[in-house]
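Each chain, letter by letter, is given below.
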Amino acid sequence: MKAFFKNNKLKIFECILVLLAFMLFVFYFADIFLLHKKMSIADNLRSYPLFHYVAESLLQGFLPYWDPYNVTGVPFYYLNGLHNAYDPIIILVAFVGRLFSSSLFTLYFWKYAAMAIFSSIGVYLFSKEVFNNRITCFFVFFVFLFSSAVFTTFRQPSIALVDFATFWVFLFLFRLIKNFNLYNVLGLSLFTGWSFQGYS
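Not measured: the values here are computed from a predicted model.

A.B. asks: Summarise the overall build of the protein; cite the residues concerned and give the values.
C.D. replies: Counting its regular elements, the protein contains twelve helices and two strands. What you see in the protein, going N to C, is helices and strands ordered as α-α-α-α-β-β-α-α-α-α-α-α-α-α. Going through the 200 residues of the protein one by one, you find that 40% of them count as buried. For the protein, long-range pairs separated by at least 24 residues make up 65% of all intrachain contacts whose partners lie at least 6 apart in sequence. As displayed, the protein offers around 11700 Å² of accessible surface, 71% of which is attributable to carbon and sulfur atoms.

Shown next as structure tokens:
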């Protein structure tokens, strides 16, 4: 065990810094996506009823292909694509988040917090491919995590839906250029497809 810590102390320190940054992120934005004391009103609230219906349907065990609340009922499939209803992050937040909160309104903001964290991890990993300096990588990651790009996520969800996988695409594209293998091809294909269906 001592040998493991000795051989990996830089990586461990790196992980601790990233975790501390995420803890600070949660504390900094807690009034928005945990306590709802502060809120920027824009497209975020307009999209909530759709999320509520989708999450509620999934948690009850069926796919929401029909909207019974609009007129006398209309197909719902086009809104699923528009609002990224079956994104893996959204499904994960709906089922895992439900264990911690019974409020779908809270889970709605957790979804965008999760997407922001997912994006920032992509920024960090991509930075490690570009820069050789760990401090520079952490600085880029930290600046992005607390940038207007992330804050806007809680106000204009469409930005998050479009951009959340961008740096993951760059990451695997950069790796593919350096090392053409199946792993990098699959990674690039996955995140490119994921990015394109994010807000269609």
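After presenting the structure, the write-up continues.
A.B. asks: Run through the pattern of salt bridges, naming residues and quoting values.
C.D. replies: Charged atoms that come close allow side chains of opposite charge to pair. Following the criterion strictly, the structure yields two salt bridges and no others. E129 is the partner of R175 in a salt bridge, and the nearest nitrogen-oxygen pair spans 2.9 Å. With a gap of 46 residues between them, R175 in helix α11 (residues 166-178) and E129 in helix α7 (residues 104-130) connect regions that are remote in the sequence. When the shortest N-O distance is used, the salt bridge between E129 and K178 registers 2.9 Å. Taken as a pair, E129 in helix α7 and K178 in helix α11 lie far apart in primary sequence, 49 residues in all. K178 sits in the exposed class, given a relative accessible area of 55%. Several salt bridges share partner residues, and in doing so they unite E129, R175 and K178 into one network.

A.B. asks: Lay out the nonpolar core with the relevant residues and their values.
C.D. replies: One finds F25, F141 and F191 to be the most contacted residues of the largest nonpolar core, which totals 41 residues. At the level of elements, α2 (9-28), α4 (43-60), α6 (88-97), α7, α8 (134-145), α11 and α12 (182-196) are the ones that each hand at least two residues to this core. The leading source of residues in this core is α7, at 13 residues. Apart from the residues lying within four places of it in its own chain, the contact partners of F141 are V18, A21, F22, S120, V123 and Y124. In this structure, L50, Y53, V54 and L58 belong to the second largest nonpolar core, which totals five residues.

A.B. asks: Just give me the short version of the packing of α6 against α7, but keep the residues and values in it.
C.D. replies: Running from amino to carboxyl end, α6 crosses α7 at an angle of 130 degrees, the nearest separation of the two axes being 9 Å. The orientation of α6 relative to α7 falls into the category oblique. Remark: the crossing between α6 and α7 carries right-handed chirality. Contacts between α6 and α7 involve I89, I90, V93, A94 and G97 from the first element and L107, W110, K111, A114, M115 and F118 from the second. Within the contact of α6 with α7, the residues separate by chemical class into nine nonpolar, one polar and one charged.

A.B. asks: Requested: an account of the packing of aromatic side chains, with residues and values cited.
C.D. replies: This model, assessed by the stated rule, comprises 23 aromatic pairs. Here the aromatic rings of Y108 and Y112 are separated by 5.3 Å at their centres, their planes lie at 90 degrees, and the arrangement is edge-to-face. Here the residue Y108 and the residue Y112 both occupy positions in helix α7, the gap between them amounting to four residues, near one helical turn. Through a chain of ring-to-ring contacts, three or more aromatic side chains come together here, namely F22, F25, Y28, Y124, F138, F141, F142 and F146.

Scoring rules and cut-offs
- Residues numbered from 1 in each chain as written.
- Predicted model: local features only at pLDDT ≥ 70, side-chain atom pairs only at ≥ 80, totals over all residues.
- Heavy atoms only, no water.
- Helix = DSSP H or I, 4+ residues; strand = E, 2+ residues; numbered from the N terminus.
- Buried < 20%, exposed > 50% of the residue type's maximum accessible area, 1.4 Å probe, protein only.
- Contact = heavy atoms within 4.5 Å.
- Areas by Shrake-Rupley, 256 points an atom, 1.4 Å probe, with all protein chains shown as cover.
- Salt bridge = Lys/Arg side-chain N within 4 Å of Asp/Glu carboxyl O.
- Core = buried A, V, L, I, M, F, W, Y, C linked by side-chain atoms within 4.5 Å.
- Axes fitted to C-alpha atoms, helices over the stretch in contact; angles between N-to-C directions.
- Parallel < 35°, antiparallel > 145°, perpendicular 65-115°, else oblique.
- Left-handed = near helix turned anticlockwise from the far one by under 90°.
- Nonpolar A, V, L, I, M, F, W, Y, C, P; charged D, E, K, R; others polar.
- Phe/Tyr/Trp six-rings, centres within 6.5 Å; stacked < 30°, edge-to-face > 60°.

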